[in-house]
Amino acid sequence: LEGGAYRGLPGGHRFARVAAGRTTFQDLAVESFGGSTLQGGCVLVEPGASFVATRVSFRNCSADQGGAVASLSASLDIFQSAFFDSHATSDGGAIFALSQQQQQKDTTTVVIDGAVFRGARSLAGAGGAVGVL
């Protein structure tokens with residue numbers, strides 16, 4: 001997905017779910033998605049999948065884990081992106097990554113290069129900006 005600005009509607013919806021393969025967001029603005037019962041308020045990356053964000057702005061996203069992005073035993077690459085005012089009720093105010101053993105091989109990778117975090121907070125768990133468990 002390349003270019004554009006996307007704003008969530010009230011009601012606790014996620015912007016995207018990456019269930020398999022590789023998904024890339026580039027030059028996007030994503031704002032006001034999520035809800036307190038979700039993992040990954042804007043983006044959820046499921047086991048074995050891969051997500052790349054380049055020059056993406058995440059703003060005012062919320063979830064139980066990973067206010068903006070949650071990666072569950074998946075590959076996560078964040079380049080030159082920004083996270084503003086995202087929060088999690090549990091872990092990872094902006095980003096949450098969960099590493100689980102799958103068939104004795106850890107499938108989790110997290111790369112963050114040139115990212116800005118402002119106003120990210122975890123209300124009751126680990127990782128004000130980034131939580132990795």
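Our structure's up above, just so we're on the same page.
Being a predicted model, the structure only gives us computed values, none of them experimental.

What counts and what doesn't
Residues numbered from 1 in each chain as written. Predicted model: local features only at pLDDT ≥ 70, side-chain atom pairs only at ≥ 80, totals over all residues. Heavy atoms only, no water. Helix = DSSP H or I, 4+ residues; strand = E, 2+ residues; numbered from the N terminus. Rg over C-alpha atoms; globule rule 2.2 N^0.38 Å. Buried < 20%, exposed > 50% of the residue type's maximum accessible area, 1.4 Å probe, protein only. Contact = heavy atoms within 4.5 Å. Salt bridge = Lys/Arg side-chain N within 4 Å of Asp/Glu carboxyl O. Pairing = 2+ DSSP bridges.

(A) Inspection of the overall build of the protein chain at higher detail. The helix and strand tally for the protein chain stands at zero helices and 17 strands. For the protein chain, the C-alpha radius of gyration of 13 Å lies close to 14 Å, the compact-globule estimate for 133 residues. C-alpha extents for the protein chain along the principal axes are approximately 40 × 35 × 30 Å. Across the 133 residues that make up the protein chain, the buried fraction comes to 44%. Sequence separation of 24 or more characterises 80% of the internal contacts of the protein chain that already satisfy a separation of 6 or more.

(B) Layout of the pattern of salt bridges. Following the criterion strictly, the structure yields three salt bridges and no others. A salt bridge links Arg7 to Glu31; its shortest N-O distance comes to 2.7 Å. Of this pair, Arg7 sits in strand β1 (residues 5-7) while Glu31 sits in strand β3 (residues 22-31); the two residues are 24 residues apart in sequence, bridging distant segments of the chain. With a closest N to O distance of 2.7 Å, Asp27 and Arg55 form a salt bridge.

(C) Representation of the pairing of strand β5 (residues 50-59) in the model. Burial analysis of β5 places seven of its ten residues in the buried class, the great majority of the element. Relative to β5, β3 is paired through nine bridges, and the arrangement is parallel. What sits directly across from Glu31, in β5, is Arg59. Judged from the five bridges that link them, β5 and strand β8 (residues 75-79) form a sheet pairing that is parallel. Paired with Val52 across the two strands is Asp77, which belongs to β8.

(D) A look at the environment of Asp77. By the secondary structure assignment, Asp77 is in strand β8. On the basis of relative accessible area, Asp77 is assigned to the buried category, the value being 14%. Each C-alpha atom, one on Asp77 and one on Gly48, is 14 Å from the other, the two residues being 29 residues apart in sequence. Among residues more than four places away in sequence, those in contact with Asp77 are Phe51, Val52, Ala53 and Val111.

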